[in-house]
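Residue-level listing of the chains:
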Amino acid sequence: VIGFGGDGTLNEVATGIAGTGAALGVLPGGSTNVFARTIGLPNDPVAAVKQLVVALREPGAIRPIGLGKVNGRYFCFHTGVGYDAAVVRAVERRASLKRWAGHPLFIYAALRTWAVGYDRSSPHFALRFPDGEVIDDGYFTIVLNTNPYTYLGNRPLDLSPAATLDRGLVAITFRTMRAASILSGLGGG
């Protein structure tokens, strides 16, 4: 099955075929195309088709990846809890602008949500891990299996070099809403 669209479309297709044995191919058609770019596809869909056709002829071209699952829906590379989800919700309220405004819309939504659309005065949730560890002061968490987390234009925003398609999920939790800490974390620092 070939999914043509952005990362949200790709997640919808993955949810539809997960567990069926069908393989998922990607053709970038969204505003950022994080997953397609992460696996080495060009952002141009015509160039990506050519690369996909060549790759499918090679042995081992189809390989499994770990999917995450939240509320019955699969994701191919990351999901956000808390602030990250609030930013995406703000962008989706203006979904008709997303394709045309792209990255500036995400930046606007992130800044506006940080300034007036998200309670920064107290933590929002706790995380409990199988080993018994508890983080009880989470403002937002990104769960991912690839790095970078996203792109700002051509600049990757790295969160964790440990996040790869060849291993389990990585959870990065921000325990503060201080701008310097968030920007440092999004820069891989």
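Here is a short report on the structure shown in this document. (Residues numbered from 1 in each chain as written. Predicted model: local features only at pLDDT ≥ 70, side-chain atom pairs only at ≥ 80, totals over all residues. Heavy atoms only, no water.)

With that settled, consider the packing of aromatic side chains. Inspection of every chain in the model, using the stated rule, returns four aromatic pairs. Each ring, one from Y83 and one from Y118, has its centre 5.6 Å from the other, and the planes form 70°; the classification is edge-to-face. In this pair, Y83 is assigned in helix α4 (residues 83–92) and Y118 in the loop between α6 (103–117) and β6 (125–128), connecting sequence segments 35 residues apart. Its relative accessible area of 9% is what places Y83 among the buried residues. The class for Y118 is buried, based on a relative accessible area of 12%. (Phe/Tyr/Trp six-rings, centres within 6.5 Å; stacked < 30°, edge-to-face > 60°. Helix = DSSP H or I, 4+ residues; strand = E, 2+ residues; numbered from the N terminus. Buried < 20%, exposed > 50% of the residue type's maximum accessible area, 1.4 Å probe, protein only.)

The sheet built from three strands is open, its strands ordered β5-β8-β11 with antiparallel pairing. The strands lining the two open edges of the sheet, one partner per strand, are β5 (78–82) and β11 (170–174). Averaged over all adjacent pairs, the angle separating strand axes in this sheet is 15°, with direction ignored. Pairing of β5 with strand β8 (residues 140–144) involves five bridges; the strand directions are antiparallel. Within β8, the residue paired with V81 across the bridge is T141. Of the strands in this sheet, β5 and β8 touch α4, which is tilted by about 100° from β5. (Pairing = 2+ DSSP bridges. Axes fitted to C-alpha atoms, helices over the stretch in contact; angles between N-to-C directions. Contact = heavy atoms within 4.5 Å.)

On to the nonpolar core. By size, the foremost hydrophobic cluster in this structure holds 21 residues, and its most contacted members are F140, L159 and M177. Taken together, the elements giving at least two residues each to this core come down to α4, α6, β8, β11 and α7 (179–186). No other element matches α4, which puts five residues into this core. Apart from the residues lying within four places of it in its own chain, the contact partners of L159 are I142, L144, N147, Y149, I172, F174, G185 and L186. Among the nonpolar cores identified, the runner-up in size contains 14 residues, and A14, L27, L41 and C76 belong to it. (Core = buried A, V, L, I, M, F, W, Y, C linked by side-chain atoms within 4.5 Å.)

Turning our attention to the environment of D166. Tracing the backbone through its elements, the reader meets D166 in the loop between β10 (155–157) and β11. Each C-alpha atom of the pair D166 and T146 lies 9.0 Å from the other, and the pair is 20 residues apart in sequence. A distance of 3.3 Å separates a polar atom in the side chain of D166 from a polar atom in the side chain of R63. (Polar contact = N/O pair within 3.5 Å; in protein donor to acceptor, adjacent residues only side chain to side chain.)

No statement about biological role is implied by the geometric values presented.
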